[in-house]
Amino acid sequence: MRRSDMTARLEERRSPWDIVVIGGGATGVGIAVDAASRGYDVLLLEQHDFGKGTSSRSTKLVHGGVRYLEQGNIALVMEALKERGLLRQNAPHLVSNLAFVVPNYDWWEAPFYGLGLKIYNALAGKYGFGSSEVLSREETLARLPTINTEGLRGGVVYYDGQFDDTRLLINLVATAADQGATLVNYARVVALTKGTDGFVDGVVAADEETGQEWTIAARVVINATGAFSDSVRRLAEPDVTSLIAPSQGIHLVFDHSFLPSTSAIMVPHTSDGRVMFAIPWHGHTLVGTTDTPITTPTLEPVPLDEEIEFVLETAGRYLLKPPTRKDVLSVFVGIRPLVKSGDGKLTAALSRDHTIHFDASGLMTTTGGKWTTYRNMAEHAVDQAADFARLAERPCVTRSLNVHGFHSNADRFGALGVYGSDAPAIQDLMRATPSWSEPLHPQLPYVGAEVVWATRHEMARTVEDVLARRTRALFLNARAAEAMAQEVARLMAAELDWSESRAVREVAAFTTLAKGYQLSTKG
Ligand SMILES: Cc1cc2nc3c(=O)[nH]c(=O)nc-3n(C[C@H](O)[C@H](O)[C@H](O)COP(=O)(O)OP(=O)(O)OC[C@H]3O[C@@H](n4cnc5c(N)ncnc54)[C@H](O)[C@@H]3O)c2cc1C
């Protein structure tokens, strides 16, 4: 995949695209995969990099949502469990089975969660990930050696999926491209065009790299901009009422010593009545999340002090070694595009299910849902869009469509396993240029060949793209990522023919960004 090829295709196009998708997160890219694999001509435009929004900032779970079961939302759980199974089937190099232990400190918890999690597993039917079990205190400790032992009675173990959100996203971009879609990052939609009938019939997009503007015709435009959906809707109709109630959630990342196990901890009820997870992820410990209503979504949301304190305090209750601010290697924030219902005051109670909405202008917005259900969401969206635009009816094929990189035994590639069937090509780069097999930082596994691969084949355009979303360095250890920036810029400069001043600007921009993922240590 090369951005220049994508923009050339966009510029050569003379007839309207069947579908233009705005937004390159899980929702938009899922739609591009679905539409292209049905045989529709589809163009996707992302204002920044693919996955810059919420889709890089999730808890990285492919799950049915135990909490929705508690809320009695059986249909939503069943749908997500099925999608969880399909995702593992279609992207086994990126989705793995993870054991989650609910530690029990009260007598009623083992029977209560034991039964609930049996139901959770039963709802998965043939898509099950493994039977839940009640654990003794010793069995719980064997799985979670660093769990707080004071008052610990035992636990319940159940199984769910884990993934790397942006590796999946980049592989979905590649899948869509393999199927014939055109996808352009750094292309911001700045206006919607309308025909004489008043219906939206295209978009105007700005190339964020050159400042050039493209006017693009479409038979239907799908707004898949997540938390930003309302601002895009207002490009067509300034007075529409909001659909989205944005709410932010933070995660803190610590080193492996806080949870040196292959099982995760699931806390079903925090002091504010939410679910919290501590998860082993890429050799680190990921803890989150919160749910804080916000007024205006931004691309780089900022964690609030009270959110940080809440996550630290909750983690401290369950871990033998309570983490402090100075242990935080990275903090990242995502915005839930919750769809408003009722008076829309309590975001935690709003629907997690997806919504497809048509404005009077004919602009279609699809939002809500979750990463796990992106495929199902895309199938519904393309059905609706095709119907609306009177495109020839074509069946969805994504239930059994392998995601780019599909490999049934990718673990054998070690740290390169996330690349699946692309891993051997990266190993070839390492063999051809041995210096590219050196780790770029002693605390992270990433090597120069991955930077070159991302730049040549995955449309990485900036140092941030490589360190935040092609590799996960920024999300795992922001200081280490900052230290890698110079070398990443040097490697990218050679690939993209950057001037020295461009490389310097890139490092400076990334350094500023990375500071936002680090915590100052107070007192
Ligand atoms: C804290 C948190 C944890 C989560 N954890 C999980 C989890 O573990 N499992 C799970 O299944 N789900 C999880 N989710 C939900 C999941 O991450 C989201 O549902 C999903 O990522 C939303 O994707 P999206 O494509 O709709 O939005 P986004 O990823 O935000 O994508 C929208 C894109 O639109 C682009 N855009 C905006 N305006 C324009 C424009 N004018 N022109 C072009 N592009 C534009 C943005 O730059 C952005 O990239 C979590 C969500 C949060 C907030």
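Residues numbered from 1 in each chain as written. Predicted model: local features only at pLDDT ≥ 70, side-chain atom pairs only at ≥ 80, totals over all residues. Heavy atoms only, no water.

A. Local environment of the pairing of strand β13 (residues 276–281). In terms of burial, β13 is a largely internal element, six of the six residues being buried. Taking every second residue as pointing to the same face, both faces of β13 are buried, with Met276, Ala278 and Pro280 on one and Phe277, Ile279 and Trp281 on the other. The sheet contact formed by strand β12 (residues 263–267) and β13 spans three bridges and is antiparallel. In the strand pairing of β13, methionine 266 is matched with phenylalanine 277. With five bridges joining them, β13 and strand β14 (residues 284–288) adopt antiparallel strand pairing. (Buried < 20%, exposed > 50% of the residue type's maximum accessible area, 1.4 Å probe, protein only. Helix = DSSP H or I, 4+ residues; strand = E, 2+ residues; numbered from the N terminus. Pairing = 2+ DSSP bridges.)

B. Summary view of the environment of glutamate 487. In this fold, glutamate 487 is placed in helix α15 (residues 478–496). Residue glutamate 487 is classed as partly exposed on the basis of its relative accessible area, which comes to 29%. Once the C-alpha coordinates of glutamate 487 and valine 451 are considered, the two residues, 36 residues apart in sequence, prove to be 9.6 Å apart.

C. Geometry of the confidence of the model for the protein. Taken as a whole, the protein shows an average pLDDT of 94; of its residues, 97% reach a score of 70 or greater. Low pLDDT (under 50) marks residues 342–351, which in the prediction has 17 contacts with non-local residues, meaning those over four places away or in another chain. (pLDDT = per-residue confidence, 0-100. Contact = heavy atoms within 4.5 Å.)

D. Structural detail: the pattern of salt bridges. This model, assessed by the stated rule, comprises 36 salt bridges. The closest approach of N and O atoms between aspartate 5 and arginine 2, which form a salt bridge, is 3.7 Å. In this structure, arginine 431 and aspartate 428 form a salt bridge, with 2.7 Å as the shortest nitrogen-oxygen distance. Residue arginine 431 and its partner aspartate 428 are located together in helix α11 (residues 423–432), separated by three residues, close to a single helical turn. (Salt bridge = Lys/Arg side-chain N within 4 Å of Asp/Glu carboxyl O.)

E. A look at the side chain of aspartate 49. By secondary structure assignment, the location of aspartate 49 is in the loop between β2 (42–45) and β3 (61–62). For aspartate 49, the side chain forms a polar contact with the side chain of asparagine 185, separated by 3.2 Å. Setting aside anything within four residues of it in sequence, one finds aspartate 49 in contact with Asn185, Tyr186, Asp465, Arg469 and Arg470. (Polar contact = N/O pair within 3.5 Å; in protein donor to acceptor, adjacent residues only side chain to side chain.)

F. Highlighting the packing of helix α13 (residues 463–470) against helix α16 (residues 500–515). Interhelical geometry of α13 versus α16 gives an angle of 40° and a closest axis separation of 8 Å. It follows that α13 is oblique to α16 by the angle criterion. Between α13, through Val463, Glu464 and Leu467, and α16, the contact on the second element is made entirely by Glu506, Phe510 and Leu513. (Axes fitted to C-alpha atoms, helices over the stretch in contact; angles between N-to-C directions. Parallel < 35°, antiparallel > 145°, perpendicular 65-115°, else oblique.)

G. Up close: the site of the ligand. Around the ligand sit 37 residues in total, of which Thr27, Glu46, Ser55, Leu61 and Thr372 are the nearest. One of the backbone N or O atoms of lysine 60 is found 3.4 Å from an oxygen atom in the ligand. Between an oxygen atom of the ligand and a main-chain N or O atom of tryptophan 371, the distance comes to 3.1 Å. Here the ligand, which alone exposes 1000 Å², has 96% of that area covered by the protein. At the level of secondary structure, the elements contributing two or more residues to the shell around the ligand comprise α2 (26–38), β8 (187–194), β11 (244–255) and β16 (330–339). (Near = heavy atom within 4 Å. Areas by Shrake-Rupley, 256 points an atom, 1.4 Å probe, with all protein chains shown as cover.)

H. Quick look at the packing of aromatic side chains. All chains considered together, the criterion is met by 14 aromatic pairs. Arranged with centres 5.8 Å apart and planes meeting at 80°, the rings of phenylalanine 100 and phenylalanine 277 form a pair that is edge-to-face. With a gap of 177 residues between them, phenylalanine 100 in strand β4 (residues 96–104) and phenylalanine 277 in strand β13 connect regions that are remote in the sequence. Residue class for phenylalanine 100 comes out buried when judged on its relative accessible area of 0%. (Phe/Tyr/Trp six-rings, centres within 6.5 Å; stacked < 30°, edge-to-face > 60°.)

I. Local environment of the nonpolar core. One finds Ile19, Leu45, Leu183, Ile216 and Leu474 to be the most contacted residues of the largest nonpolar core, which totals 136 residues. A per-element tally of this core places α15 first, with ten residues. With near-sequence residues (within four places) excluded, leucine 45 lies in contact with Leu10, Val20, Val21, Ile22, Gly23, Gly24, Val184, Ala187, Val189, Val203, Ala205 and Ile216. Formed by 30 residues, the second largest nonpolar core is a distinct cluster that contains Phe258, Val287, Val311 and Leu312. (Core = buried A, V, L, I, M, F, W, Y, C linked by side-chain atoms within 4.5 Å.)

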